[in-house]
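Summary of structural features
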Amino acid sequence: MQTRRELRNVLRQRRRALSMEQQKAASRALCNVLIDSGMLANCQRIALYLANDGEIDPAQLQHYLWGENKNCYLPVVVDHHEMGFVEYRPDTQLVANRFGIDQPSLSGATILSPGQLDLILLPLTGFDLSGARLGMGGGFYDRALAAAEERPTLIGLAHECQKVDRIQAESWDVPLCAIATDQHFYIIS
């Protein structure tokens with residue numbers, strides 16, 4: 001069996017191998033899968049992310065949410081190991097964090113904890129049908145969610161090609177409620 005690091009590398013290569021047209025089609029399909037799931041209807045504060053490194057892109061969804069007058073939030077690295085969420089609007093100024101990933105500027109921003117959100121859509125590197133997931137390995141989401149007094153609904157987002165037979169769950173992995181791909185909505189029991 002592959003180590004988590006080996007599996008992460010294989011799955012990152014899979015998603016990076018998708019063409020720009022495949023990525024755009026996956027973004028559109030993901031938006032439809034999430035709308036059809038009904039999970040967005042009763043949520044007002046929704047966190048998503050800016051796609052990086054071949055991640056499935058929730059950009060189509062973000063435009064839909066803005067059109068529905070929902071409040072969108074992006075993850076921000078607050079210090080070297082902490083993560084919070086800052087409101088994201090079409091005019092939000094973005095700056096690169098220490099990983100080179102764009103995030104809202106923290107200057108004058110109100111930083112929310114996970115418990116202040118209704119729904120967090122988080123990127124996955126890999127997943128299985130038991131709900132075990134593989135992130136990028138930094139543990140930012142796990143630490144932020146473990147510290148949350150109240151936990152919002154958590155839905156992992158990935159390309160269908162990132163599904164594997166089995167991922168060894170770790171004790172620190174925070175469980176997901178569901179996983180949405182460009183092809184399916186998997187409810188985790």
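Here, every reference points to the structure presented above.
To start, this report covers the structure provided alongside it. (Residues numbered from 1 in each chain as written. Predicted model: local features only at pLDDT ≥ 70, side-chain atom pairs only at ≥ 80, totals over all residues. Heavy atoms only, no water.)

**Regarding the overall build of the protein**
From N to C terminus, the protein includes 4 helices and 11 strands. The globule rule puts the C-alpha radius of gyration for 189 residues at 16 Å, and the 16 Å found for the protein is close to it. By the burial criterion, 45% of the 189 residues in the protein qualify as buried. By sequence separation, contacts in the protein at least 24 residues apart represent 70% of the contacts at least 6 residues apart. Taken as two groups, the 18 positive and 22 negative side-chain charges of the protein have centres that lie 4 Å from each other. (Helix = DSSP H or I, 4+ residues; strand = E, 2+ residues; numbered from the N terminus. Rg over C-alpha atoms; globule rule 2.2 N^0.38 Å. Buried < 20%, exposed > 50% of the residue type's maximum accessible area, 1.4 Å probe, protein only. Contact = heavy atoms within 4.5 Å. Lys, Arg positive; Asp, Glu negative; His and termini not counted. Charge placed at Lys NZ, Arg CZ, Asp CG, Glu CD.)

**A closer look at the pattern of salt bridges**
The full count for this structure, using the stated rule, is 7 salt bridges. For D53, the salt bridge goes to R16, with nearest N and O atoms at 2.6 Å. Of the two residues, D53 is situated in the loop between strand 1 (45-47) and helix 3 (59-67) and R16 in helix 1 (residues 4-16); the sequence distance between them amounts to 37 residues. Here E87 makes a salt bridge to R89, at a shortest N to O gap of 3.1 Å. Classification of E87 as partly exposed rests on a relative accessible area of 24%. Connected through shared salt-bridge partners, R12, R15, R16 and D53 make up one network. (Salt bridge = Lys/Arg side-chain N within 4 Å of Asp/Glu carboxyl O.)

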